[in-house]
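# Report on the structure
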Amino acid sequence: AESRIANFGAGPSALPESVLHEAAQSLLNFNGTGIGIAEISHRSKEFDIYIKETANLIREQLDVPSTHEILFMQGGGTGQFSAVVLNLLARHRLLHPDLPEQDRVLDYVLTGSWSKAAYTEATRLANGATVRIAADSRAHSADGKSFNGLPPHSAYAFSSDPALIYYCENETVSGTQFAGTEGTPASFPFHLLPKNPTSGLLPLVGDYSSSFMSRPIPRLADHAIIYAGAQKNLGPAGVTIIIVRQDCIVDVDAAYRIGGAPIPISLAYKPYADNDSMPNTPSVLAIYVSGLVLKRNKGLGGVSYYEEFNKRKQEKVYDVLREGDAKGVLKPKVREGEGSWMNIVFGVIGEGAEARFLAGAEKRGMKGLKGHRSVGGIRVSLYNSVTEEWTDQLVAYIREFIEVES
Ligand code: PMP
């Protein structure tokens, strides 16, 4: 344990040490079965109980209503870029079989590279349906091409009866998040969503890959689908959590008889919903470790505990970032008040300064701070398992760095 360092990586990211110790034991012997967790059958009664308990821990901690199912799938966030389009277009075909394909509309809110990637996948899979941009934060940046903030509420234009409305709650690379309380400019504009679409309940999809379990999900019950890869706040890579409303779990073959293309069965929600997430072999080990993290979270007080904890951590980092900005040493890459709690992105001003910053951090045992290659600079990821001690250590180092450089 002494050899472990402060890991501010963007994902996969740190996991609680106590969980890793328990998982290490279970790699040899899971629940007294004499078989390790990476070796045991997913059809064993021990794992069957475990996966149901894990889904229940998510249900309990996020207050997921009985209208929604919790599924474990594979394929990561990227798999869901495809799955949400295919399943929700299938739903729309079943609801409106006679509609011309181009009248099925998919609305995307673009706030960063991940929502843009999801949009691009939708254009690949639309198969005649219309993919629209409902708002684009780049249009509101100074240079017209940077994802450095959120669109103002006045900029949203949703379709009246879309098959899908898509947003990414936390943009891991760009460092923006709909983190404001509802109604404030840095919140998702729920009040602007179409009222009473003829397709029934709203087909609202939220990518929560990098903020899942870090705080409560606003208006969870109003979503059609919320999904997240486990590998930031929850567990190892390899399992994707999907919270899906029952009307979005459809017979994709019946929809295919109406139009579109056949849907790969591994991306259809229904077989997963019908078989406790195990129509095929799930990510046993990743689900196991995620379950341990969820049990630990429960003991600490769940998402409201993490909301307070993560709020404090990001305030400390944004405070020192403002000091660095005032002294001309650091430069935030996101507009004030629109930044993410989970991924804080900034530049270091001056010749060779970024390399000095990173080398100094590494020397002090802090890693994972280099920004994504597409935006450069520094990215501080403050996921649930980043401790307050690590955060304080980083903030003290940044303050020292600002003194030396200014
Ligand atoms: N959405 C967001 C917000 C992400 O951060 C990521 C990955 N970092 C993805 C989607 C893609 O997820 P995956 O790598 O699991 O396919």
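Calculation notes
- Residues numbered from 1 in each chain as written.
- Predicted model: local features only at pLDDT ≥ 70, side-chain atom pairs only at ≥ 80, totals over all residues.
- Pairing = 2+ DSSP bridges.
- Helix = DSSP H or I, 4+ residues; strand = E, 2+ residues; numbered from the N terminus.
- Axes fitted to C-alpha atoms, helices over the stretch in contact; angles between N-to-C directions.
- Near = placed C-beta within 6 Å.
- Nonpolar A, V, L, I, M, F, W, Y, C, P; charged D, E, K, R; others polar.
- UniProt positions renumbered as here; feature names shortened; annotations may be inferred.
- Core = buried A, V, L, I, M, F, W, Y, C linked by C-beta atoms within 7 Å.
- Buried ≥ 20, exposed ≤ 12 C-beta atoms within 10 Å, placed from the backbone.
- Domains from an automatic or database assignment.
- Contact = placed C-beta atoms within 7 Å.
- Parallel < 35°, antiparallel > 145°, perpendicular 65-115°, else oblique.
- Left-handed = near helix turned anticlockwise from the far one by under 90°.

## Some remarks on the sheet that holds strand S5 (residues 164-168)
Spatially, S2-S10-S9-S8-S5-S3-S4 is the arrangement adopted by the seven strands of the open sheet, whose pairing is mixed. Each edge of the sheet is formed by a strand with only one pairing partner; in this case those strands are strand S2 (68-73) and strand S4 (130-136). Neighbour to neighbour, the strand axes of the sheet diverge by 20° on average, direction disregarded. One ladder, built from five bridges, connects strand S9 (residues 225-229) with strand S10 (residues 240-245); its direction is antiparallel. Bridged to isoleucine 226 within S10 is isoleucine 243.

## What to know about the site of the ligand
What surrounds the ligand is the set Gly11, Gly76, Gly77, Thr78, Trp114, Cys168, Thr172, Asp207, Ser209, Ser210 and Gly229. Ranked by the residues each element gives to the shell around the ligand, the list is headed by helix H3 (residues 76-95), at three residues. In terms of residue class, the shell around the ligand is made up of two nonpolar, eight polar and one charged.

## Describing the UniProt feature "domain: Aminotransferase class V" (unreviewed entry) in the protein chain
UniProt records the feature "domain: Aminotransferase class V" (unreviewed entry) at residues 7-393, using the numbering of this structure. With 34% helix and 15% strand, residues 7-393 has its two end C-alpha atoms placed 12 Å apart.

## A few points about the nonpolar core
Leu106, Tyr108, Leu164, Tyr166, Ile225, Ile241 and Ile242 are the most contacted members of the largest nonpolar core, which totals 113 residues. Broken down by element, the residue count for this core peaks at nine residues, all from helix H7 (residues 284-300). Mapped onto the domain boundaries, this core takes at least three residues apiece from domain 1 (45-297) and domain 2 (302-405). Beyond its immediate stretch of four places on either side in the chain, isoleucine 225 contacts Val84, Val205, Ile242, Ile243, Val244 and Cys248.

## A look at unusual backbone geometry
Following glycine 11, the chain continues to proline 12 via a peptide bond in cis, the omega torsion being -5°. You can see proline 12 is positioned in the loop between strand S1 (6-7) and helix H1 (17-28). A positive phi is found at asparagine 31, a non-glycine position, where the angle reads about 50°. Its place among the elements puts asparagine 31 in the loop between H1 and helix H2 (45-62). With a phi angle near 45°, asparagine 196 is a residue other than glycine that sits in the positive phi range. One can find asparagine 196 in the loop between strand S7 (176-177) and strand S8 (204-207).

## Let's talk about the environment of leucine 27
Its location among the elements puts leucine 27 in helix H1. Take leucine 27: there are 13 C-beta atoms within 10 Å of it, and that puts it in the partly exposed class. Spatially, the C-alpha atoms of leucine 27 and leucine 285 are 8.7 Å apart, while their sequence positions differ by 258 residues.

## Regarding the packing of H2 against H7
A pair of packed helices can be characterised by two numbers: the angle between their axes and the separation between those axes. Remark: H2 packs on H7, axes separated minimally by 9 Å, with the N-to-C direction vectors making an angle of 45°. In terms of orientation, H2 lies oblique with respect to H7. Considering how the two elements wind past one another, H2 and H7 form a crossing that is left-handed. Note on element contacts: H7 touches H2 through Val284, Ile287, Tyr288, Ser290, Gly291, Leu294, Lys295, Asn297 and Lys298, opposite Phe47, Tyr50, Ile51, Glu53, Thr54, Leu57, Ile58 and Gln61. For the contact of H2 with H7, the per-class residue count stands at nine nonpolar, five polar and three charged.

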